[in-house]
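# A closer look at the structure
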Amino acid sequence: AKVENLKTASAIYNEAHSIMELEQKLSVALDASSSAKKNVLEIEKRMKQMAEIIKYAEQYKSTLPYYSTYKNAKQRDAYFQKHESKIILFGGAKRMLEQAGIDLKTLNLKKLKAEYQELEMKKKELSVIYKTCEKESSQIRRQLEELQKYLGLNQSSEIHKTKKQMHSL
């Protein structure tokens, strides 16, 4: 067992050349992971906003004919009673889009959906990067701990402690 531990520690040390180098690699991997996670969360927030805008844009487009007919109807009350829910939905959708800063005259549902798809692709890419960085940092952390254990060093250097605390946040 001691020989295997020595071989493992030797291989890790030969690959890294020093504990400081391993700690640096861990720091870089944790920073990249943190950055990717932050970006994924920002994209998810934007996607949620976009999904809501798209929902209201679709509602606006589908109920616009009812509202237009209502405005031009000779018997507005009768038309309103017949299509009350559609007219109310139109008003709500219009109000929500205006609050979101969407110009109703240039509303382009295809463009909104394309932007949402683009965000979805970026999220997938960043999620892969995040998972890769997480695996890499986990592997480096294990290597560092094995090397420190073999060399009889304190399990947690100051850099390692700080990065681990940052990562847990």
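The structure under discussion appears in the preceding block.
Described below are features of the structure shown in this document. (Residues numbered from 1 in each chain as written. Predicted model: local features only at pLDDT ≥ 70, side-chain atom pairs only at ≥ 80, totals over all residues. Heavy atoms only, no water.)

### Some thoughts on helix H4 (residues 84-99)
Over its 16 residues, H4 runs 23 Å from end to end, which matches the ideal 22 Å to within 8%, given 1.5 Å per residue. If you check which residues of H4 are buried, you get Ile87, Phe90, Gly92, Ala93 and Leu97. Contacts from the buried residues of H4 go to helix H2 (19-72) and helix H3 (76-82). Residue Gly101 follows H4 closely and has a positive phi angle near 80°. (Helix = DSSP H or I, 4+ residues; strand = E, 2+ residues; numbered from the N terminus. Expected span 1.5 Å × (residues − 1). Buried < 20%, exposed > 50% of the residue type's maximum accessible area, 1.4 Å probe, protein only. Contact = heavy atoms within 4.5 Å.)

### Overview of the pattern of salt bridges
As enumerated under the stated definition, the model contains 4 salt bridges in all. One salt bridge in this structure joins Glu115 and Arg46, with 3.2 Å as the shortest N-O distance. Here Arg46 lies in helix H2 and Glu115 lies in helix H5 (residues 109-151), a separation of 69 residues in the sequence. Residues Lys122 and Glu118 are paired through a salt bridge, measuring 3.8 Å at the closest nitrogen-oxygen approach. (Salt bridge = Lys/Arg side-chain N within 4 Å of Asp/Glu carboxyl O.)

### Considering the nonpolar core
Membership of the largest hydrophobic core comes to 18 residues, with the highest contact counts inside it found for Ala57, Tyr60, Leu97, Leu107 and Leu112. For this core, the secondary-structure elements that each account for two or more residues are H2, H4 and H5. Here the element with the most residues in this core is H2; it accounts for 9 residues. Not counting chain neighbours up to four residues away, the residues in contact with Tyr60 comprise Phe90, Ala93, Lys94, Leu97, Leu104 and Leu107. (Core = buried A, V, L, I, M, F, W, Y, C linked by side-chain atoms within 4.5 Å.)

### Some details on the packing of aromatic side chains
The way to describe two aromatic rings as a pair is by their centre distance and the angle between their planes. All told, the structure shown has 4 aromatic pairs when counted by the stated rule. Geometrically, the ring pair formed by Tyr60 and Phe90 is stacked, given 5.1 Å between the ring centres and 25° between the ring planes. Here the residue Tyr60 occupies a position in helix H2, and Phe90 occupies one in helix H4, the gap between them amounting to 30 residues. Both residues of the pair, Tyr60 and Phe90, belong to the buried class. The interplanar angle of 15° and the centroid separation of 4.4 Å between the aromatic rings of Tyr67 and Phe90 together place this pair among those described as stacked. In this pair, Tyr67 sits in helix H2 while Phe90 sits in helix H4, placing the two residues 23 residues apart along the sequence. Exposure remark for Tyr67: the relative accessible area of 25% places this residue in the partly exposed category. When the ring centre of Tyr70 is taken as origin, the NZ or CZ atom of Arg76, which lies over that ring, is 4.9 Å away. (Phe/Tyr/Trp six-rings, centres within 6.5 Å; stacked < 30°, edge-to-face > 60°. Lys NZ or Arg CZ within 6 Å of the ring centre and 35° of its normal.)

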